Structures are given as C-alpha cells and as structure tokens.
Amino acid sequence: MFGLYESAFGALTWGNVLMLLIGGLLIYLGIAKKMEPILLVPIGFGIFLVNLPLGGMMSYTPDGIPASVSSLSELVRAIGEGKIGLMNVLYSYGIETEIIPLLIFLGLGALTDFSPTIARPISFIFGATAQLGVFVVFIIAYVSGLFSVNEAACVGVIGGSDGPPTVYLTAALAPSLLGPITLVAYSYMALVPLIQPPIIKALTTKKERSIFMKPQIRQVSKLELILFPIAIFLVASLLVPKSVPLIGMFMFGNLLRVSGVTARLSQAAGGVFIDVLTFLLGITVGALMPASVFLQPHTLVIIGLAVVAFAFSTAGGIWGAQLTNLFLKEKINPMIGAAGVSAIPMSARVVQKMGQKENPRNFLLMHAMGPNMAGAVATSVVAGILLGMLH
Amino acid sequence: MIDWALIGEIAGGGYGLCILVLIVLAVVVWIIGLVIRKTTKAEAATKEVPTKES
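Residues numbered from 1 in each chain as written. Chains lettered and ligands numbered in written order. Predicted model: local features only at pLDDT ≥ 70, side-chain atom pairs only at ≥ 80, totals over all residues.

Draft legend 1. Seen up close, the overall build of chain A. When you go through chain A residue by residue, the secondary structure sums to 21 helices and zero strands. Here chain A has a C-alpha radius of gyration of 22 Å; the compact-globule value for 391 residues is 21 Å, and the two agree. In terms of overall dimensions, chain A has C-alpha extents of about 80 × 45 × 40 Å along its principal axes. A buried classification covers 54% of the 391 residues belonging to chain A. (Helix = DSSP H or I, 4+ residues; strand = E, 2+ residues; numbered from the N terminus. Rg over C-alpha atoms; globule rule 2.2 N^0.38 Å. Buried ≥ 20, exposed ≤ 12 C-beta atoms within 10 Å, placed from the backbone.)

Draft legend 2. Region of interest: the environment of G133(A). Checked against the element boundaries, G133(A) lands in helix α8 (residues 132–143). With residues near it in sequence (within four places) discarded, G133(A) still touches G159(A), A309(A), F310(A), A311(A), F312(A), S313(A) and G316(A). (Contact = placed C-beta atoms within 7 Å.)

Draft legend 3. Geometry of the interface of chain B and chain A. Tallying the contact residues gives 23 residues for chain B and 33 residues for chain A. Considered class by class, the residues forming the side of chain B that touches chain A number 20 nonpolar, three polar and no charged. (Nonpolar A, V, L, I, M, F, W, Y, C, P; charged D, E, K, R; others polar.)

Draft legend 4. Examining the packing of helix α20 (residues 346–358) of chain A against helix α21 (residues 365–390) of chain A more closely. Residues and elements named next belong to chain A. Two elements in contact, α20 and α21, have axes separated by 8 Å at closest approach and are oriented at 145°. Between α20 and α21 lies a crossing of right-handed hand. Here S347, A348, V351 and Q352 of α20 lie close against α21, whose contacting residues are L365, A368, M369 and N372. Considered class by class, the residues forming the contact of α20 with α21 number five nonpolar, three polar and no charged. (Axes fitted to C-alpha atoms, helices over the stretch in contact; angles between N-to-C directions. Left-handed = near helix turned anticlockwise from the far one by under 90°.)

Draft legend 5. Looking closely at the environment of I181(A). Residues and elements named next belong to chain A. Here I181 shows up in helix α11 (residues 178–190). You can call I181 buried: it has 26 C-beta atoms within 10 Å. With 27 residues separating them in the primary sequence, I181 and C154 have C-alpha atoms 7.6 Å apart. Those residues within four positions of I181 in sequence are excluded, and the remaining contacts are C154, V155, I158, T166, T170 and I302.

Draft legend 6. Structural detail: helix α10 (residues 163–173) of chain A. Along α10(A), ten of the eleven residues are buried, which leaves the element largely enclosed by surrounding structure. Listed as buried for α10(A) are G163(A), P164(A), P165(A), T166(A), V167(A), Y168(A), L169(A), T170(A), A171(A) and L173(A).

Draft legend 7. Summary view of the packing of helix α5 (residues 99–111) of chain A against helix α16 (residues 263–286) of chain A. Residues and elements named next belong to chain A. In the contact formed by α5 and α16, the axes pass within 8 Å of each other and the chain directions differ by 145°. The handedness of the crossing between α5 and α16 is left-handed. Where α5 abuts α16, its residues I100, P101, L103, I104, L106, G107, A110 and L111 lie against S266, A269, G270, F273, I274, L277, T278, L280 and L281.

Draft legend 8. Layout of the nonpolar core. The biggest cluster of nonpolar side chains holds 144 residues, and the ones touching the most others in it are F138(A), V155(A), V351(A), V381(A), C18(B) and L22(B). Looking at which element gives the most residues to this core, the answer is α21(A), with 15 residues. In this structure, C18(B) is in contact with A128(A), Q131(A), A378(A), V381(A), V382(A) and I385(A), ignoring residues within four places of it in sequence. (Core = buried A, V, L, I, M, F, W, Y, C linked by C-beta atoms within 7 Å.)

Draft legend 9. Local environment of unusual backbone geometry. All names here are of chain A. Despite not being glycine, K34 shows a phi value in the positive range, around 55°. By the secondary structure assignment, K34 is in the loop between α1 (14–32) and α2 (37–51). Using a count of 10 C-beta atoms within 10 Å as the deciding quantity, one classes K34 as exposed. Positive phi, close to 55°, is recorded for S161, a residue that is not glycine. With respect to the helices and strands, the residue S161 is situated in the loop between α9 (149–156) and α10.

By themselves, these observations are geometric and do not establish any function.
See below:
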C-alpha cells in the first residue's frame, strides 16, 4: 500500500468484518450481560485475533484445521519463518493433545460438592435420561446429510451441556467443528434459564410442579465423600474404558477436595490453575473461528440443532423423573429431572425458581443439585461411549 | 446413503448403555452409603454399651 509497507485494510473481507462484529457481540454479552464472561470474553477476543488479516496469529490447512507441526525443532523453525503463530502452538499443545479440557475437568472436580448426588443416588438416573438430546440430535444431524457420523456425534454432545467433555470429544472426532461447537455449547449453557422453563411447563402439570420435597437432604459422612470419587472412577472406567481420561480427571480433582489432607492442591486446582486453563481454552477456541471456517451453512445448522438438543435433554430428565415416580411411595418433584442437563448450577437454579413459584414452601435447589452433578458424570460417560464406538 | 443400522447401534445402544452404566453407579453409591451407615450405627451402639454398664 505504501511501498514496502502493507496495512491490513486491503486484505479485510466482509466475512472478517462480520466475525469482528460477532466477536464484539460475545465480549458485550460477557461484560454487559454477564453471560458466561469467563469464556465468552476470551472467545470474543480470540475471534478478533484471527480475523484481522496479516496478523499471523493462526494459520490453517485448506480443511480449516489449524496447521500443526510434528516436532519441537520444526515448531521453532515454523514460528521463525512465520508459517504458524502463537495460537497454533496453543492449539497444538493444548487442545489437539486434549490436555486443556482434561485439566479443566480436574479443576471442576476440585470445585464440585457431590453430597446431593450421594444423598440421593437415584439422581444418576435423571442424569442419564437427560442425555436424550445427545442421541436425538445425533440422529437428526446424521440423517440431514450435512454431517459425518463423527461430526453428528459431536453436534449431539452439546445436549449434555458440559463444556470439557464436548471439547474433548470434538477435538478427537471432528476438530474442524471445534470452534462453532464449543462456542454454541457455552453460549447455550448461559441461555438455560430461557430455554428450559417453557419445556418444563409443557411437560409437567401444575400438580406435579407443586409436589413438596423436604428441604433437607441426608447428611453425608466424610467416608462416603472420599469413597465416592474412587468408586465412580473404578466402576465407570471398567464399564466404559474410553471415559477414563474425563472421569479420571474429574474424580481425581474431587478426591483432592474431599480427602481433607490436600487442601492446598484442591485450592490450587480449583483456583488460578483452572482460571489460566479456561482463558487459554477460550482464546484458542475463539482463534478457531476465522471467517472462512465459521461462516459456513453448517454453523447455522449447529446453532439450530443445539436448541433441539437442550430441549430433548430437558425432556429426557423430566420423563426419567416421572417414570421413577411410578415406583416411589414418596413422590419427587419431576422438575428436578430437568437439572440432569448438567449446566451447573444454572439448570438447578431454574428448577428452584420454578418450584418456589408453584409452591412457596418448596426449596428444591439441593434436590436439583443431585441430578445436576450426576449430569456431569453422565456426559463424561456418554463422551466415553461415543469415543469407544467411533474413534 | 444413510446407514440405519449404525444409527440404531450408536443412538439406541449408546443411550441404553449410558442409562445402564448410570444405574450401576447409582446402585454402587447406594450400597456404599448403606454399608457405611449400618457400620457407623453398629459402632455407635457398641460404644454405648460400656458407658451404660459403667
């Protein structure tokens, strides 16, 4: 443009401009509306980083997958020659190796209190039935002909509403869709308070929503808390071996929390450690969304299918609770099944709010937290099952 | 060409397996809780006996 000097204006496309607007919108939603700010702000800025031409933050293969290198010496040379950028390094070593989502899950384990699930083990059933959306959307996505089997499975797993398993599965089975799937998954988790209430109302009667549950849950002993992560890890790993990385990290983090002798490790895992990993994940996922990759018809389809996945998962949880009620003397409020759609703790809060509206005496939060935690375990199991079938 | 057998195996089999695994986990957690509560009650009862005798 000016002799040897070249500004980015000439290379800017309408796609880039649109992506900059999308990035700006995500940053706005994160900051102004407080929607999942820990993820949406870094994702939004990651989109900025790769949609300003000639910046060289990330280079891609013709398939839209970030370029990677096979060895450290090649990496150093490629960076020196400007063939790959910083975001390629973060992607190659953090996401492609699946280290970041797994370590985030370790941190989440250290932050999770499983007492409500231990006090009412039946919560696991609601967590399981709430995976319905994963499989319904898998079928729709595959039958549509727009996605391969592997891609359809990754689109479906958005319905599990749990970030790390979604990222883990997509990085393994359909890395080219990692950007849109991760963005949609985290954005929709923030929209749970808008998506779930109409579905819960449509599938339950006023009488069911008013069912009273005693506010207290059973006191769980320290020994139970310690044995829980060990038992869950051993049994789930034997039944679904491919879930070992996810369940293993999740339960290890939880063991650090409950053991009572590793408080420093637990605080570290659930503090700065998970924060650093989360923003590395966010900014790298944002960098997976250059205009050429993100502005494709399948992105819009993923956005639409995610709503269907959340809706069916909510329905699955409620139907699971209604079915269980047929066999219980002391009926449970079927709304707590909807909290099986992980999205910790948003879906449990939705149930609490709706429960109090129908019956002001009801305090369903702790009852809903059980399926909520069980949903996180269930999504890891589902990711393991899908990996075992498709990888 | 849609492979319906594959869809059935992944969707039906996958969802069924997920429910089965989670039911097993529920039973395991319930049994652990039950055993610990019974043991704790038994221990508490054993401790109470000498106190009453003394």
